[in-house]
Amino acid sequence: MNNRGGKSSKMAISVEDRTRLFRVTFKRLENEIQKVIVGHQKVIEGVLICLLSKGHVLLEGVPGLGKTLVVKTLSEVLNLSFSRIQFTPDLMPADIIGTNIIWESERGEKFFRFQKGPIFAHIILADEINRATPKTQSALLEAMQEGGVTVAGTLHRLEEPFFVLATQNPIEMEGTYPLPEAQLDRFFFKLKVEYPDLSELSEIVERTTKSEVPRAEKITTGNEILEMRQIVREVPIASYVKDYALKLVLATHPNSAIAPTEVKRFVKYGSSPRGAQSLVLGGKVKALIEDRYNVSFDDIQEVAHPSLRHRILLNFEGEAEGWDSDNVIDILLKGAKPGE
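Quantities reported herein were computed from a predicted structural model and do not represent experimental measurements. (Residues numbered from 1 in each chain as written. Predicted model: local features only at pLDDT ≥ 70, side-chain atom pairs only at ≥ 80, totals over all residues. Heavy atoms only, no water.)

Novice: I'd love a proper account of the sheet that holds strand β9 (residues 189-192), names of residues and values included.
Specialist: Across the sheet, five strands lie side by side as β2-β5-β8-β1-β9; this open sheet has parallel pairing. Two strands bound the open sheet, and with one partner strand each, they are β2 (82-86) and β9. Direction aside, the axes of adjacent strands within the sheet are offset by 20° on average. Both β2 and strand β5 (residues 123-127) contribute to a ladder of five bridges, which runs parallel. Considered in β5, the bridge of phenylalanine 82 is made with isoleucine 123. Across the sheet, helix α3 (residues 67-78) lies against β1 (57-60), β2, β5 and β8 (163-168), angled at about 170° from β5, the strand it touches most. (Pairing = 2+ DSSP bridges. Helix = DSSP H or I, 4+ residues; strand = E, 2+ residues; numbered from the N terminus. Axes fitted to C-alpha atoms, helices over the stretch in contact; angles between N-to-C directions. Contact = heavy atoms within 4.5 Å.)

Written as structure tokens, this is what we have:
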């Protein structure tokens, strides 16, 4: 009995140490990014949650708010390879994934060799993804889903950790190709980058108009990120908390028996099962950074908006009434939690 008790105690200490290390590393990453980025605390946290949940993120905001700088700074603190792809209407799939080109050996023999495209990096910035044609968008999204690209029947794997951050501008829609709902669903989170307030704007000007611009230092490696991802998967979630996340997703569907009146009236389609996966995995990361080894109702609620906002499609009446998906999620979160 004593031996078994000693072994259990050792295992408990090991779990506590791993949780503490996870939280410390997360906070160090967050703080280092904030040396360069002013404000956007929720955005930075959301990006890191996506990274550690093995998901991809869509950043939406008007130009000049630092979306690109957030991604570039992230690559610097992680000590990983970084690639920026500027999406334009004339961009072709081969410009992203690469293509076979003809090479000639020293003996004059010609052969095909695969020339890797910019997607073969750890962190990918897909800048203004809605400016590329659907065919090119699909090439990127397929690579996100499959973790590799197939050229001439040969599969080329992408090295982990592989993380895509796509940006889009919500106000300049002329000449763009909005992502279909089925492709939006492949993003773990959709984060809105808001305009800074007066104090943040003052700090931005202060930092960027000096001779020395702040730079972030390298904090961790790709292998450590993979280890942190594994820790996230090991976090337990109680059945009643998981049921709460599942019911939130079901309540986004207008034909569901538990859907509130506003959903039945204003929503055309609700979230896919990927929404539930985002709620649970995002909740696990939130629990870890709050120094807990179990998921709470509050953790689920904290990640509800970025997990579900791009997975809820309003009908004509909802759009005419000026509703958006965040309004729908607000209604769902006001409902009683299980046990209340």
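Past the structure itself, the notes keep going.
Novice: Can you tell me about unusual backbone geometry, naming the residues and giving the values?
Specialist: Geometrically, the link from glutamate 160 to proline 161 is a cis peptide bond, its omega value of -5° lying close to zero. Assignment of secondary structure puts proline 161 in the loop between β7 (154-157) and β8. A positive phi is found at lysine 54, a non-glycine position, where the angle reads about 60°. Looking at the secondary structure, you find lysine 54 in the loop between α2 (41-52) and β1. The phi dihedral of glutamate 128 is positive, around 55°, even though this residue is not glycine. Looking at the element boundaries, glutamate 128 is found in the loop between β5 and α5 (134-146).

Novice: Requested: an account of the pattern of salt bridges, with residues and values cited.
Specialist: Under the criterion given, the structure shown has 19 salt bridges. Lysine 42 is the salt-bridge partner of glutamate 302, the closest N and O atoms lying 3.3 Å from each other. One end of the pair, glutamate 302, is in helix α12 (residues 297-302); the other, lysine 42, is in helix α2, and 260 residues separate them in sequence. The exposure class of glutamate 302 is partly exposed, given its relative accessible area of 42%. A network of salt bridges, in which partner residues are shared, links Lys42, Glu45, Lys286 and Glu302. (Salt bridge = Lys/Arg side-chain N within 4 Å of Asp/Glu carboxyl O. Buried < 20%, exposed > 50% of the residue type's maximum accessible area, 1.4 Å probe, protein only.)

Novice: Describe the layout of surface pockets, listing the residues and the values that go with them.
Specialist: In this structure, the largest pocket encloses a volume near 680 Å³. Lining the largest pocket are 28 residues; nearest its centre among them are Glu181, Leu184, Lys190, Arg309 and Ile312. For the lining of the largest pocket, the secondary-structure elements that each account for two or more residues are α6 (181-184), β9 and β11 (313-314). Per-element tally for the lining of the largest pocket: the top contributor is α6, with three residues. Of the residues in the lining of the largest pocket, the class split is 11 nonpolar, eight polar and nine charged. Considering only enclosed or pocket space, the second largest pocket measures out at about 490 Å³ in volume. Taken together, 21 residues line the second largest pocket, and the ones lying closest to its centre are Lys54, Gly55, His56, Gln145 and Arg186. When contributions to the lining of the second largest pocket are tallied by element, the ones reaching two or more residues are α5 and α11 (273-289). Per element, the largest residue contribution to the lining of the second largest pocket is six residues, and it comes from α11. (1 Å grid on protein atoms, 1.4 Å probe; cavity = no way out; pocket = protein on both sides within 12 Å on 5 of 7 lines; lining within 4 Å. Points joined across faces, edges and corners; volume = space filled by probe spheres on them. Nonpolar A, V, L, I, M, F, W, Y, C, P; charged D, E, K, R; others polar.)

Novice: Let's hear about the environment of threonine 154: which residues, and what values?
Specialist: Relative to the elements of secondary structure, threonine 154 occurs in strand β7. Judged by its relative accessible area of 40%, threonine 154 falls in the partly exposed class. A C-alpha to C-alpha distance of 38 Å links threonine 154 and glycine 66, two positions 88 residues apart in sequence.

Novice: Just give me the short version of the side chain of glutamine 168, but keep the residues and values in it.
Specialist: Note that glutamine 168 resides in strand β8. Here glutamine 168 falls in the buried class, since its relative accessible area comes to 11%. One polar contact links glutamine 168 to glutamate 60, side chain to side chain, over a distance of 2.9 Å. Excluding its chain neighbours within four sequence positions, the residues that come into contact with glutamine 168 are Leu58, Leu59, Glu60, Gly61, Lys67, Asn130, Leu179 and Lys190. (Polar contact = N/O pair within 3.5 Å; in protein donor to acceptor, adjacent residues only side chain to side chain.)

Everything listed is a geometric property; what it means functionally is a separate question.
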